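# Architecture and fold: a report
Below are the chains, spelled out letter by letter.
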Amino acid sequence: MTLPSKLVEQINMRIASIALAIILILIPPLPALAQESDSETITITMTTKTVIEIEVNPATWDIGRIEPNQEYKTNPEKEYFTMTNKGNCDLHAFIKGEEAVCVDNPDYKWELSSDGNSSKQIYVLWYETTDCEPGGEGLITTVENLFCSNFGMDGSNPKHFGLKLQAPWADYTKGGAEYFYGGGNMETTVTISGVVA
């Protein structure tokens, strides 16, 4: 029996519609693509700037009146200096000194010894540490010397050091007494610096 072509066409369309409906039912539901997407971001900030900041307290040592060829040192219990690393990195600390200059007469100077010996118009400076590596006593010269290695940051581990000064020999003698020719206030500077450890 032959069905009219229109009827065959309708049956084929119905079979195709049923087959399509079955296929759509079997496909799992997909997320709606037309909805807005949701996302979150994380912002990461960092710095490449190295900050070296050393704080020394107190900032002065007032020895008072000194005599020729005499030794003067800071008292470990009262006058030791506290050094704090306020930067953002561990560092190695260096120390150096300068010649001493008469405040009232800048032409009158004392040279800083480079070998630990004093003489006429040559004075000596040493440092002493108890909680720095390598620790102990060392000569301060006009050249930077390492005196505290692997110095931690953020002020969490301050270090302490003392100073010792050997005065120069007398410039002249009168009536059996020895004097400094300059006869004024002498001033010098000790510089503490750091490099990244």
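Residues numbered from 1 in each chain as written. Predicted model: local features only at pLDDT ≥ 70, side-chain atom pairs only at ≥ 80, totals over all residues. Heavy atoms only, no water.

## Observations concerning unusual backbone geometry
So the rule is basically this: A run of H or I in DSSP counts as a helix once it spans at least four residues, and a run of E counts as a strand once it spans at least two, with each numbered from the N terminus. The buried label goes to any residue with under 20% of its type's maximum accessible area, the exposed label to any with over 50%, and the partly exposed label to all in between, with areas taken from a 1.4 Å probe on protein chains only.
Following Asn-57, the chain continues into Pro-58 via a peptide bond in cis, with omega recorded as 0°. Mapped onto the fold, Pro-58 is located in the loop between strand E1 (54–57) and strand E2 (71–73). Even without being a glycine, Gln-121 presents a positive backbone phi close to 60°. Since its relative accessible area comes to 31%, Gln-121 is described here as partly exposed. Despite not being glycine, Asn-150 has its phi angle at roughly 50°, a positive value. One can find Asn-150 in strand E9 (residues 145–151).

## Here's the deal with the pattern of salt bridges
What counts is decided by this rule: One speaks of a salt bridge when a side-chain nitrogen belonging to Lys or Arg is within 4 Å of a carboxyl oxygen belonging to Asp or Glu.
The tally for this structure, following the rule as stated, stands at 3 salt bridges. A salt bridge links Glu-67 to Arg-65; the shortest N-O distance between them is 2.1 Å. Among the residues examined, Glu-67 registers a relative accessible area of 32% and is labelled partly exposed. Arg-65 gets classed as exposed once you look at its relative accessible area, which sits at 70%. Two residues, Glu-99 and Lys-109, come together in a salt bridge whose shortest N-O distance is 3.5 Å. With Glu-99 in the loop between strand E4 (91–96) and strand E5 (100–102) and Lys-109 in strand E6 (residues 109–112), the pair connects residues that are 10 residues apart, well separated along the chain. A residue is classified by how much of its surface remains accessible, and Glu-99, at 38% relative accessible area, is partly exposed.

## A short note on the layout of surface pockets
Counted only if it meets this: Cavity means a closed set of points on a 1 Å grid over the protein atoms alone, one where a 1.4 Å probe fits but cannot get out, pocket means an open set with protein on both sides within 12 Å along at least 5 of 7 lines, and lining means a residue has an atom within 4 Å of a point. Grid points are joined across faces, edges and corners, and a volume is the space filled by probe spheres set on the points. Residue polarity follows a fixed list, in which Ala, Val, Leu, Ile, Met, Phe, Trp, Tyr, Cys and Pro are nonpolar, Asp, Glu, Lys and Arg are charged, and the others, Gly among them, are polar.
Size it by volume and the largest pocket reaches roughly 1,000 Å³. Listing elements by their share of the lining of the largest pocket, those giving two or more residues are strand E7 (122–129), strand E10 (159–166), strand E12 (177–179), strand E13 (186–187) and strand E14 (191–196). At 3 residues, the largest contribution of residues to the lining of the largest pocket is made by E10. When its residues are assigned to classes, the lining of the largest pocket shows 23 nonpolar, 9 polar and 5 charged.

## Digging into the sheet that holds E14
Here is the rule we go by: Note on pairing: DSSP must find at least two bridges between two strands before they are called paired. Lines are fitted to the C-alpha atoms to define the axes, a helix being fitted only along its stretch in contact, and any angle between axes, read from their N-to-C directions, falls within 0 to 180 degrees.
An order of E9-E4-E14 is seen for the 3 strands of this open sheet, with the pairing classed as antiparallel. On the outer flanks of this sheet lie E9 and E14, each paired with one strand and no other. Sheet twist, expressed as the mean angle between neighbouring strand axes with direction ignored, is 25°. Two strands pair when backbone bridges link them, and E4 and E9 are joined in this way by 4 bridges, in the antiparallel orientation. What sits directly across from Ile-95, in E9, is Asn-145.

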